[in-house]
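One-letter residues, chain by chain:
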Amino acid sequence: MNILSVSCEVFPFSKTGGLADIVGSLPKEWEELGHNALVITPLHACIDKERFELSKLPGSVSVRMGFWEEYADLWLGTLPHSNVKVVFVENVDYFRRDSIYGRPEGFEDNDRRFLFFSRSVFSVCEYLQYAPDVLVANDYHTSFSLVHLKRSYREHPLFHKTLGVFSIHNLAFQGLYSFSPTYELAGLEPTDKHPYSPFEFYGNVNYMKAGIEFGDLVVTVSPTYAS
């Protein structure tokens, strides 16, 4: 089975908390069980390309944002002590910064950064011709990959059988943003702004809510956390 894990941080390449540890270890377990795992993560400024022996893939990929295309370069690495491939999405404007999320309150354009990354995972799969049976989106930063899976890629030959799993690591951070620019950049519908929509939360958009609503399955890091 092809299992794709999407995360904004992956140990040992980038890390702010337990999210990175889990995403850096769980795919190795999938590999030992005989699955074909792939990890996609941003190429943050903190990632040492030489130390981790990353290699740049030829060309670039286009990423749909609103009514236009943006672009990313791709780098390839491997999770240590495994054969699990890791693809790093490079976009200087979004990811070459002094921290992963921005200290202490977060970068002002985090909504746009996370939307770009969530959409880029489909471009990466198209580039590699990798058809995931399962797409695991980790925490709210990647929740819109599940939205696009259901709304934009459901008929795509690589993704028409893909199931989406939303993995909650830290419910305290939910990604509350204004509907602008999310509305335009994610191609939402007018009804998505209405109360009780899969996105709306007291007049704002809630990325965590979107992940829960669009995931075929919602999991947490432990039974205790689930309860």
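Quick caveat: nothing in here was measured; it's all calculated off a predicted structure.

**Some points on the overall build of the chain**
Move 1: A count of helices and strands for the chain gives seven helices and twelve strands.
Move 2: Relative to the 2.2 N^0.38 estimate, which gives 17 Å for 227 residues, the radius of gyration of the chain is 16 Å and therefore close to what a compact globule would have.
Move 3: For the chain, the spread of C-alpha atoms along the three principal axes comes to 45 × 40 × 40 Å.
Move 4: In the chain, which comprises 227 residues, the proportion classed as buried is 52%.
Move 5: When contacts within the chain are restricted to residue pairs at least 6 apart in sequence, those whose partners lie at least 24 apart make up 68%.
Move 6: Accessible surface computed for the chain: about 10800 Å², of which carbon and sulfur atoms make up 53%.
Move 7: Between the centroid of the 19 positive side chains of the chain and the centroid of its 28 negative side chains there is a distance of 1 Å.

**So, the pattern of salt bridges**
Move 1: A full pass over the atoms with the stated rule returns eight salt bridges.
Move 2: Salt-bridge contacts for D73 lead to K56; the nearest nitrogen and oxygen are separated by 3.9 Å. Of the two residues, D73 is situated in strand 5 (residues 68-78) and K56 in strand 3 (residues 55-56); the sequence distance between them amounts to 17 residues.
Move 3: Residue K56 is classed as partly exposed on the basis of its relative accessible area, which comes to 41%.

**Some details on the nonpolar core**
Move 1: Ranked by size, the top nonpolar core spans 69 residues in total, and within it I40, V89, F144 and F199 carry the most contacts.
Move 2: Counting residues per element, this core draws most heavily on helix 3 (residues 110-128), at eight residues.

**Observations regarding the side chain of D192**
Move 1: Inspection of the secondary structure assignment puts D192 in the loop between helix 5 (179-185) and strand 10 (200-201).
Move 2: Residue classification places D192 among the buried positions, given a relative accessible area of 3%.
Move 3: Setting aside anything within four residues of it in sequence, one finds D192 in contact with R151, F179, S197, F199 and E200.

**Notes on the sheet that holds strand 9 (residues 176-177)**
Move 1: Here three strands make up an open sheet; going across it, the order is 9-11-10 and the pairing antiparallel. In the strand order of this sheet, the two ends are held by strand 9 and strand 10, each with one partner.
Move 2: Relative to strand 11 (residues 204-206), strand 9 runs antiparallel, the two sharing two bridges. Its bridge partner lying in strand 11, L176 is registered against N206.

**Focus: helix 1 (residues 18-32)**
Move 1: Here helix 1 contains 15 residues, and its C-alpha end-to-end distance of 22 Å stays within 8% of the 21 Å for a straight helix at 1.5 Å per residue.
Move 2: Three or more residues of helix 1 are buried, namely L19, A20, V23, G24, P27 and W30. In an axial view of helix 1, the angular spread of the buried residues amounts to 135°, which keeps them on one side of the axis.
Move 3: Tucked inside the fold, the buried residues of helix 1 contact strand 1 (2-6), strand 2 (36-42) and strand 7 (134-138).

**What about the state of the cysteines?**
Move 1: Per the stated rule, a full pass over the model turns up zero disulfides.
Move 2: We note that C8 lacks a disulfide partner, and the nearest cysteine sulfur, in C46, lies 11 Å from it.

Conventions adopted
- Residues numbered from 1 in each chain as written.
- Predicted model: local features only at pLDDT ≥ 70, side-chain atom pairs only at ≥ 80, totals over all residues.
- Heavy atoms only, no water.
- Helix = DSSP H or I, 4+ residues; strand = E, 2+ residues; numbered from the N terminus.
- Rg over C-alpha atoms; globule rule 2.2 N^0.38 Å.
- Buried < 20%, exposed > 50% of the residue type's maximum accessible area, 1.4 Å probe, protein only.
- Contact = heavy atoms within 4.5 Å.
- Areas by Shrake-Rupley, 256 points an atom, 1.4 Å probe, with all protein chains shown as cover.
- Lys, Arg positive; Asp, Glu negative; His and termini not counted.
- Charge placed at Lys NZ, Arg CZ, Asp CG, Glu CD.
- Salt bridge = Lys/Arg side-chain N within 4 Å of Asp/Glu carboxyl O.
- Core = buried A, V, L, I, M, F, W, Y, C linked by side-chain atoms within 4.5 Å.
- Pairing = 2+ DSSP bridges.
- Expected span 1.5 Å × (residues − 1).
- Arc of directions from axis to C-beta.
- Disulfide = S-S within 2.5 Å.

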